[in-house]
Amino acid sequence: MKKALITGISGQDGSYLAEFLLEKGYEVYGVLKRNSVAENQTTRLEGCYEKLQLYYGDLEDLSSLIHILQKVQPDEIYNLAAQSHVRISFDVPVYTTHANAIGVLNMYEACRIVCPDVKIYQASSSEMFGNSIDDDGFQRETTSMLPVSPYGCAKVYAYNIGRNYRHSYDMHISNGILFNHESPRRGSNFVTSKIVKGAIAIAAGEATELRMGNLEARRDWGHAKDYVKAMWMMLQQDEPDDYVCATGISHSVRDCCEYVFSKFQLNYKDYVVLDEKYLRPEELHDLKGDSSKLREKLGWVPDYNFETLMDDMIESDENYYKAFKDVHTPYDAVR
């Protein structure tokens, strides 16, 4: 049995990846960052918790990484841990840089010391491109990287130091440049989840408005289930490489509002209110990825499109809401 170690295992991607790898017959180990409310820490892992072996650790603590690697001796590492919210990276730029840049360097150093032959997947991001777009409107592996957020800047460092370790020490490090990917497990402060939960609360009469930032920002949204499969496919290759993972179709935040609210026979214009506190100091206007390399070389094909992704999120949150409806618990208080 192959052994896989996932940092950030309790997050959206980590939880789906853990389930995927268990189905493939892996022994799955995970790294958790200590949370004072332990009951909430592994909520996304409820479906497979008993099958996992979990350790406390932190990318900013090199000694903890070395200790875990010595115990596990993994065949594959999926480095997903990060400060994952782009807007919040403007509020905590130093922490974001430590976690998303220096933390990744710590992981590579720990691997170089303990298990230099391990295959490593690094979670890179479309935010690295910023507003740099090729003439055909797409972003791909060769597009210039000009990030417009502390999050994007930190991810560029992590991307480049991974390539440096790959070439300098012959380490098997692959960067997955993933465009926006969502799911029912997405955190409530991310825009797609915020829209879905807001529309449900309004339709139920528990809210009267949804305060939003830039509605014209366009993103290439896919489903996390499709994207974790791509992560695994990258590490099954003999040679490490860098791959864009995207649907190739972008939608605006306004499009998302319109689609979700229409599912409840509501006009989003009657409820969505612009709030400047949700605007970024520097805005990223349009992300649309060309995943031709991933599709042609690895054979990746997504199962979801934008509409089926949003339907999945709506159905899941509706079911969650209905489960609490009879106990008269305000929806916002439980999710």
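Look above for the structure.
### Comments concerning the overall build of the protein
Counting its regular elements, the protein contains 12 helices and 13 strands. Projected onto its principal axes, the C-alpha positions of the protein cover 55 × 50 × 40 Å. When the 335 residues of the protein are sorted by exposure, 54% land in the buried category. Across the protein, every contact between residues at least 6 apart in sequence was considered, and the portion connecting residues at least 24 apart equals 79%. Only carbon and sulfur atoms are counted for the fraction: they give 47% of the accessible area of the protein, which is about 14,800 Å².

### As for the sheet that holds strand β6 (residues 172–178)
Strand order across the open sheet formed by seven strands is β3-β2-β1-β4-β5-β6-β11, with parallel pairing between neighbours. Both outer strands of the open sheet, β3 (53–56) and β11 (242–245), are each paired with one neighbouring strand and no more. Averaged over all pairs of adjacent strands, the angle between their axes in this sheet comes to 20 degrees, without regard to strand direction. The pairing of strand β4 (residues 76–79) with strand β5 (residues 119–125) spans four bridges and is classified as parallel. Bridging from a neighbouring strand, I77 pairs with I120 of β5.

### Here we look at the nonpolar core
Counting residues in each nonpolar core, the largest one holds 34 residues, and the members touching the most others are I6, L21, V28, Y78 and Y121. Of all the secondary-structure elements, those providing two or more residues to this core are β1 (3–7), α1 (12–23), β2 (27–32), β5, α8 (224–235), β11 and α10 (292–298). V28 has contacts with A4, I6, I9, A18, L21, L22, K51, L52 and Q53, leaving out every residue within four places of it along the chain.

### Quick notes on unusual backbone geometry
Positioned with a positive phi, D170 is a non-glycine residue whose angle comes to about 55 degrees. Tracing the chain through its elements places D170 in the loop between α6 (150–169) and β6. Phi is positive for Q265, which is not a glycine, with a value near 55 degrees.

### A few points about the pairing of β1
Most of β1 is tucked away: four of the five residues are buried. Strand direction decides the pairing type here: β1 and β2, joined by five bridges, are parallel. Directly across from L5, in β2, lies its bridge partner Y29. With four bridges joining them, β1 and β4 adopt parallel strand pairing. Following the sheet pairing, T7 is matched in β4 by N79.

### Concerning the packing of aromatic side chains
The relative placement of two aromatic rings is captured by the distance of their centres and the angle of their planes. Taken as a whole and assessed by the stated rule, the structure comprises 10 aromatic pairs. Both rings, one in Y78 and one in Y121, keep their centres 6.2 Å apart while their planes meet at 40 degrees; by these two values the pair is tilted. Pair noted here: Y78 is in strand β4 and Y121 is in strand β5, with a separation of 43 residues, a long-range link. Taken together, the ring pairs connect Y108, Y165 and Y169 into an aromatic cluster. Against the face of Y16 rests R185, its NZ or CZ located 3.9 Å from the ring centre. Lying over the aromatic face of F190, R186 brings its terminal NZ or CZ to 3.8 Å of the ring centre.

### As for the packing of helix α7 (residues 191–203) against helix α9 (residues 253–262)
Their axes nearest at 10 Å, the elements α7 and α9 cross at an angle of 35 degrees. The crossing of α7 and α9 is right-handed. For the pair formed by α7 and α9, the contact residues are V191, T192, I195, V196, A199 and I202 on the first element and V253, C256, C257, V260 and F261 on the second. In terms of residue class, the contact of α7 with α9 is made up of 10 nonpolar, one polar and no charged.

### Observations concerning the environment of L17
By secondary structure assignment, the location of L17 is in helix α1. For the pair L17 and S64, spaced 47 residues apart in sequence, the C-alpha separation works out to 22 Å. Leave out the neighbours within four places in its chain, and L17 touches I6, Y78, L80, V228 and M231.

Conventions we followed
Residues numbered from 1 in each chain as written. Predicted model: local features only at pLDDT ≥ 70, side-chain atom pairs only at ≥ 80, totals over all residues. Heavy atoms only, no water. Helix = DSSP H or I, 4+ residues; strand = E, 2+ residues; numbered from the N terminus. Buried < 20%, exposed > 50% of the residue type's maximum accessible area, 1.4 Å probe, protein only. Contact = heavy atoms within 4.5 Å. Areas by Shrake-Rupley, 256 points an atom, 1.4 Å probe, with all protein chains shown as cover. Pairing = 2+ DSSP bridges. Axes fitted to C-alpha atoms, helices over the stretch in contact; angles between N-to-C directions. Core = buried A, V, L, I, M, F, W, Y, C linked by side-chain atoms within 4.5 Å. Phe/Tyr/Trp six-rings, centres within 6.5 Å; stacked < 30°, edge-to-face > 60°. Lys NZ or Arg CZ within 6 Å of the ring centre and 35° of its normal. Left-handed = near helix turned anticlockwise from the far one by under 90°. Nonpolar A, V, L, I, M, F, W, Y, C, P; charged D, E, K, R; others polar.

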